[in-house]
Amino acid sequence: MACGNCVPVCPMGAIYIDPVKHRATVNEDECVECYTCVRGLSVEHLYPPLVRAIRSLGKVFRFRFDPEPDVCPTEAITPQELTWPRVVRRAFSDPIVPHESTGIMGRGTEEVKTNELTGRIGPGEAGLTIEFGRPGIGTRFWEIQEVTRALTQLEVAFEKDNPVTALMTDPGKGDINPEILNEKVLSAIVEVKAVQEMVPRALEVVEEVGRRLSTVISVGVGVRCEPDGSSSIEHILRDHGYEFHRGKTNLGLGRRMQAAASTAMQAEVPGVRDASGGRQ
Ligand code: SF4
């Protein structure tokens with residue numbers, strides 16, 4: 001009925017009021033299947049022709065019938081059945097849909113946030129978390145492929161437990177399945193691992209390629225803390241002209257690290273009891 005309530009709900013600006021049809025219309029090419037429009041409005045079940053007639057009549061008498069701003073009065077937005085390759089859009093854009101490859105919702109990766117359990121990043125290594133499309137821009141897989149291909153010039157390894165890696169046909173070349181290259185998603189994360197000395201060059205490569213793309217790229221660098229709590233990547237980044245900001249620190253509260261810490265403490269402090277009460 002062209003009330004326009006759904007237009008501001010869409011993070012991609014894919015919903016518009018068609019000036020000819022006078023109906024809300026979804027630009028299917030720009031839609032990333034995030035389902036925000038499906039879940040973001042409460043619905044009423046008014047009969048569309050009747051509402052349109054009332055609105056047309058109202059115009060004659062210069063009064064407007066508009067629903068509450070958070071309501072779709074005619075339950076006009078209905079999900080469509082998604083098939084390959086479009087289903088990839090939803091997997092990367094709808095935060096409540098788990099990825100098939102990793103079983104994780106959202107962007108489909110725990111990144112290094114659970115490194116004490118996964119051990120993805122070891123001593124002397126750095127993990128680069130290269131995020132495309134956020135906030136509010138979106139990205140297509142061909143743009144991601146530009147970066148993944150360029151990164152293969154360096155000695156980096158793509159994280160196996162990552163949904164973008166799972167969609168690669170040749171990780172050695174950074175090639176992504178050609179069937180999905182034009183699919184647009186809200187955001188996606190590429191993860192690579194390298195020795196810490198390689199990080200400045202990898203950042204340069206991402207920046208060089210990123211300048212040619214119309215999406216937005218954010219890069220995080222994850223390393224293990226040194227025993228004194230400092231970060232070994234700090235001076236490497238500063239030496240190459242990057243500002244250093246410590247974003248997040250994983251305190252290592254997961255079980256495996258605790259077990260390791262407990263063992264280490266027991267080794268250092270004879271007589272300390274472990275968690276089960278046993279004596280070292
Ligand atoms: S599914 Fe998401 S991107 Fe597509 S029209 Fe709805 S809100 Fe916009």
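Below: a short report on this structure. All values reported here derive from a predicted model rather than from experimental measurement.

**Some remarks on the overall build of the chain**
At step 1: Of the regular secondary structure elements, the chain holds nine helices and twelve strands.
At step 2: Expected size for 280 residues packed as a compact globule is a radius of gyration near 19 Å; at 25 Å, the chain overshoots this value by more than 25%.
At step 3: With the C-alpha coordinates of the chain rotated into their principal frame, the extents come out at 85 × 50 × 35 Å.
At step 4: When the 280 residues of the chain are sorted by exposure, 41% land in the buried category.
At step 5: Here the contacts in the chain between residues at least 6 apart in sequence split such that 71% fall between residues at least 24 apart.
At step 6: Averaging the locations of the 32 positively and 39 negatively charged side chains of the chain gives two centres separated by 5 Å.

**Looking at the pattern of salt bridges**
Proximity of charged atoms lets side chains of opposite charge pair with each other.
At step 1: Applying the stated criterion across every chain yields a total of 21 salt bridges.
At step 2: Among the ionic pairs, Arg140 bridges to Asp29, the shortest N-O distance being 3.2 Å. Of this pair, Arg140 sits in strand E6 (residues 139-140) while Asp29 sits in the loop between strand E2 (23-26) and helix H1 (36-40), placing them 111 residues apart in sequence.
At step 3: Residue Arg140 is classed as buried on the basis of its relative accessible area, which comes to 10%.
At step 4: Asp29 sits in the partly exposed class, given a relative accessible area of 38%.

**Considerations on the state of the cysteines**
At step 1: Using the criterion set out here, one finds zero disulfides in the structure.
At step 2: Cysteine Cys6 remains unbridged, with the sulfur of Cys3 as its closest cysteine sulfur at 6.2 Å.
At step 3: Cys3 provides the cysteine sulfur closest to Cys72, a residue in no disulfide bond, and the two sulfurs are 6.4 Å apart.

**Concerning the sheet that holds strand E7 (residues 157-158)**
At step 1: Here four strands make up an open sheet; going across it, the order is E7-E11-E5-E12 and the pairing antiparallel. A strand with exactly one partner marks an edge of an open sheet, and here the two such strands are E7 and strand E12 (217-222).
At step 2: Direction of pairing for E7 relative to strand E11 (residues 188-195): antiparallel, over a ladder of two bridges. Bridging from a neighbouring strand, Phe158 pairs with Val192 of E11.

**Section: the pairing of E11**
At step 1: Across the eight residues of E11, six count as buried, placing the element largely inside the fold.
At step 2: Direction of pairing for strand E5 (residues 125-132) relative to E11: antiparallel, over a ladder of eight bridges. Each bridged residue has a counterpart across the sheet, and for Thr129 the counterpart in E11 is Glu191.

**Regarding the nonpolar core**
At step 1: By size, the foremost hydrophobic cluster in this structure holds 38 residues, and its most contacted members are Phe92, Phe141 and Leu151.
At step 2: Elements with a contribution of two residues or more to this core: helix H3 (87-93), E5, helix H5 (141-151), E11, helix H7 (199-210) and helix H8 (233-239).
At step 3: Looking at which element gives the most residues to this core, the answer is H7, with six residues.
At step 4: For Phe141, the contacting residues outside a window of four places in its chain are Val88, Phe92, Leu167, Ile176, Ile180, Leu181, Glu183 and Val185.
At step 5: Counting ten residues, the second-largest nonpolar core is a separate cluster that includes Met12, Cys31, Val32 and Cys34.

About the cut-offs
Residues numbered from 1 in each chain as written. Predicted model: local features only at pLDDT ≥ 70, side-chain atom pairs only at ≥ 80, totals over all residues. Heavy atoms only, no water. Helix = DSSP H or I, 4+ residues; strand = E, 2+ residues; numbered from the N terminus. Rg over C-alpha atoms; globule rule 2.2 N^0.38 Å. Buried < 20%, exposed > 50% of the residue type's maximum accessible area, 1.4 Å probe, protein only. Contact = heavy atoms within 4.5 Å. Lys, Arg positive; Asp, Glu negative; His and termini not counted. Charge placed at Lys NZ, Arg CZ, Asp CG, Glu CD. Salt bridge = Lys/Arg side-chain N within 4 Å of Asp/Glu carboxyl O. Disulfide = S-S within 2.5 Å. Pairing = 2+ DSSP bridges. Core = buried A, V, L, I, M, F, W, Y, C linked by side-chain atoms within 4.5 Å.

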